[in-house]
Amino acid sequence: MPPVALSDSNTQLIQLDEHPGNRQQGNRQPAPQNGSRSNPGSSSTCSSALADSPWLFDAEPGYGPGASMDDPAPYHAPRQPGLPAEYRNASAEELDQRIRRAKAALGERLVILGHFYQRDEIVQYADFIGDSFQLAKAALTRPRAETIVFCGVHFMAETAAMLARPDQTVILPNLAAGCSMADMADRDAVTDCWEQLTALLGEEADAAGRQPVLPVTYMNSSAALKAFCGEHGGVVCTSSNARTVLEWAFARGQRVLFFPDQHLGRNTARAMGIPLSQMAVWDPALPMGGLSVQALRDARVLLWHGYCSVHMRFTVEQIAAARHRYPGVQVIVHPECTMPVVDAADASGSTDFIVNAVAAAPPGSCFAIGTEINLVRRLAAQYPQHTIFCLDSIVCPCSTMYRIHPSYLAWVLEALERGEVLNRITVPEATAAPARLALEAMLKLAPKARQGAA
Ligand code: SF4
């Protein structure tokens, strides 16, 4: 079966091997290069270390080069020890041959998933490309697949593991591929917040049956936080369905505690007409989140102090510069961007929304896009009839997505051929069961809400 790009609206079912970008770039593009054709304004990278191999960073604390390199990583962030030398030292051509041979040998027993933000050297081997939730569901369409190799980040592999059949195995080729935003909220910190809120606001429902606080977690969070939501009457949302999910949540809760991304929460709540005066940011490092009792009582939306460092790079000034240089340009940004950036853009939406907006545009359209560079570059290569560029002129990919390198893919696939499972991602049933409750609460909102994720 040929590789396909996924879309909830089915306007974008594409064979990846027909993309001009895939033919041109293949396996030989080592790192973001200066002056990319797909980004008329790009002139440099945010770190020269992006040209280095990921195993130079994997065993160290920290997220490594890229957009998250200045984020503090939690001490418990998974590390990836010991990639064998034969994979570290292999040429791009040798890795290409070994991956293709192993994939062919494994046949229908294997499905490889590639997130929109993955580098092209990886996406070329994917059976499906899409956002995290689309990919988790896509794996279910391959009944003979015993193993799902998820070329994305840790929370995505966890979600796939929870939605997979019991006999399916999920592998993350590099355990150091986490997500700095997901790491900004952990179960202990959210539980601590919950206990403080409960002590202040009580647990009794009001006359309309709404509990004092209802937890909502973004898909970009650990399985433990999805489970927290399932245990407390809450729900999961994606960047496509956040508004529908919040409407559902406000029918059941007087307030919403939204984690981990404050920007998706703020942008969505404001679009619903909730004033900023009824939103407050909970800082987990401070007692009572750094908020007064009155602020907590008045808040309808409590936003966790989390963010995506990829999307925090986009600014109002970049949008102004794009409009100056390309009059008539359409600016589309992801809702993980800050509120001023979303306000200054022509549109905001999930990766799926961005992909579909470009696909539906007439030839000769011009787009400045505020999301991860690998997706923007791929769209530019796929639609040469348009002018498409990244709002940020500095090439700065997601640090953790970038950790999935062909050497790791070759390593896990060749082990699978020998019957050895490396880097398996599992979620204990005690966590998976309540997490599925929160996921199912979201799924019941379909088809009213599209379920695409970041
Ligand atoms: S782009 Fe942002 S939210 Fe997505 S994996 Fe990277 S750090 Fe996490």
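Rules of the game
Residues numbered from 1 in each chain as written. Predicted model: local features only at pLDDT ≥ 70, side-chain atom pairs only at ≥ 80, totals over all residues. Helix = DSSP H or I, 4+ residues; strand = E, 2+ residues; numbered from the N terminus. Buried ≥ 20, exposed ≤ 12 C-beta atoms within 10 Å, placed from the backbone. Pairing = 2+ DSSP bridges. Axes fitted to C-alpha atoms, helices over the stretch in contact; angles between N-to-C directions. Contact = placed C-beta atoms within 7 Å. Near = placed C-beta within 6 Å. Nonpolar A, V, L, I, M, F, W, Y, C, P; charged D, E, K, R; others polar. Core = buried A, V, L, I, M, F, W, Y, C linked by C-beta atoms within 7 Å. pLDDT = per-residue confidence, 0-100. Parallel < 35°, antiparallel > 145°, perpendicular 65-115°, else oblique. Left-handed = near helix turned anticlockwise from the far one by under 90°.

Student: Give me the overall build of the protein: which residues, what numbers.
Tutor: From N to C terminus, the protein includes 17 helices and 17 strands. Burial statistics for the protein: of 454 residues in total, 55% are counted as buried.

Student: Provide a residue-level description of the sheet that holds strand S8 (residues 211-218), including the pertinent values.
Tutor: Taken in spatial order, the five strands line up as S9-S8-S10-S12-S11 in an open sheet, and their pairing is parallel. Unpaired on one side and paired on the other, strand S9 (235-237) and strand S11 (279-282) mark the two borders of the sheet. In this sheet, neighbouring strand axes are inclined to one another by 30° on average, regardless of whether the strands run parallel or antiparallel. Sheet topology places S8 next to strand S10 (residues 253-259); six bridges connect them, and they run parallel. What sits directly across from Val216, in S10, is Phe258. Contacts from helix H8 (residues 223-231) reach S8, S9 and S10, with the element oriented near 150° to S8.

Student: For the site of the ligand, give the residues involved together with the corresponding values.
Tutor: What surrounds the ligand is a group of 15 residues, the closest being Cys179, Met181, Cys308, Val310 and Cys398. Taken together, the residues that form the shell around the ligand break down as nine nonpolar, five polar and one charged.

Student: Hey, could you go over the nonpolar core for me, with residue numbers and the actual values?
Tutor: Soluble, globular proteins show a tendency: their nonpolar side chains are buried together. Counting 138 residues, the largest nonpolar core has Leu113, Phe150, Ala160, Val216 and Val235 as its most contacted members. Each residue touching Val216, except ones within four places of it in the same chain, is listed here: Cys229, Gly234, Val235, Cys237, Val245, Leu246, Ala249, Val256 and Phe258.

Student: I'd like a rundown of the confidence of the model for the protein, residues and numbers included.
Tutor: With 89% of its residues at a pLDDT of 70 or more, the protein has an overall mean of 90. Confidence drops under pLDDT 50 across residues 9-39; counting only partners more than four residues distant or on other chains, this segment forms 73 contacts.

Student: Break down helix H15 (residues 373-382) for me, citing the residues and quoting the values.
Tutor: The buried count for H15 comes to ten of ten residues, which makes it a mostly enclosed element. The complete set of buried residues in H15 reads Ile373, Asn374, Leu375, Val376, Arg377, Arg378, Leu379, Ala380, Ala381 and Gln382.

Student: Describe unusual backbone geometry, with residues and values.
Tutor: Each neighbour pair has its own omega, and for Phe259 with Pro260 the value is -5°, a cis peptide bond. Within the element layout of this structure, Pro260 appears in the loop between S10 and helix H10 (262-271). Even without being a glycine, Met288 presents a positive backbone phi close to 50°. Here Met288 is to be found in the loop between S11 and helix H11 (293-298). The phi angle at Asn423 is positive, at roughly 55°, despite the residue not being glycine. Among the structural elements, Asn423 can be located in the loop between helix H16 (406-417) and helix H17 (429-443).

Student: Describe the packing of H8 against H17, listing the residues and the values that go with them.
Tutor: In contact at an axis separation of 7 Å, H8 and H17 are set at 70° when each is read in the N-to-C sense. Taken together, the axes of H8 and H17 are roughly perpendicular relative to one another. Crossing of H8 over H17 shows left-handed handedness. Of H17, the residues touching H8 (which contributes Ala223, Ala224, Lys226, Ala227, Cys229, Gly230 and Glu231) are Thr431, Ala432, Pro434, Ala435, Leu437, Ala438 and Leu439. Of the residues in the contact of H8 with H17, the class split is ten nonpolar, two polar and two charged.

Student: Talk me through the sheet that holds strand S14 (residues 347-348); I want residue IDs and the actual numbers.
Tutor: Strands belonging to one sheet form pairs held by backbone hydrogen bonds; the direction of such a pair is parallel or antiparallel. Across the sheet, four strands lie side by side as S14-S13-S15-S16; this open sheet has parallel pairing. With partners counted over all chains shown, the strands left at the sheet margins are S14 and strand S16 (387-390), one partner each. Sheet strands touched by H15: strand S15 (366-370) and S16. Its angle to S16, the strand with the most contacts, is close to 170°.

Student: Tell me about H8, residues and numbers included.
Tutor: Counting buried positions along H8 gives eight out of nine residues, so the element sits mostly inside the fold. Regarding H8, the residues found buried are Ala223, Ala224, Leu225, Lys226, Ala227, Phe228, Cys229 and Gly230. Looking at the buried positions of H8, the neighbouring elements they touch are helix H6 (154-163), helix H7 (187-201), S8, S9, S10 and H17. Positive backbone phi, approximately 75°, marks Gly233, located one or two places after H8.

Student: Quick one: what's the story with the pairing of strand S12 (residues 301-304), residue by residue and with numbers?
Tutor: Burial of the side chains of S12 extends over both faces: Val301 and Leu303 are buried on one face and Leu302 and Trp304 on the other. The sheet contact formed by S10 and S12 spans three bridges and is parallel. Of the residues in S12, the one forming a bridge with Phe258 is Leu303. Relative to S12, S11 is paired through four bridges, and the arrangement is parallel. The residue bridging Ala280 from the neighbouring strand is Leu302, located in S12.

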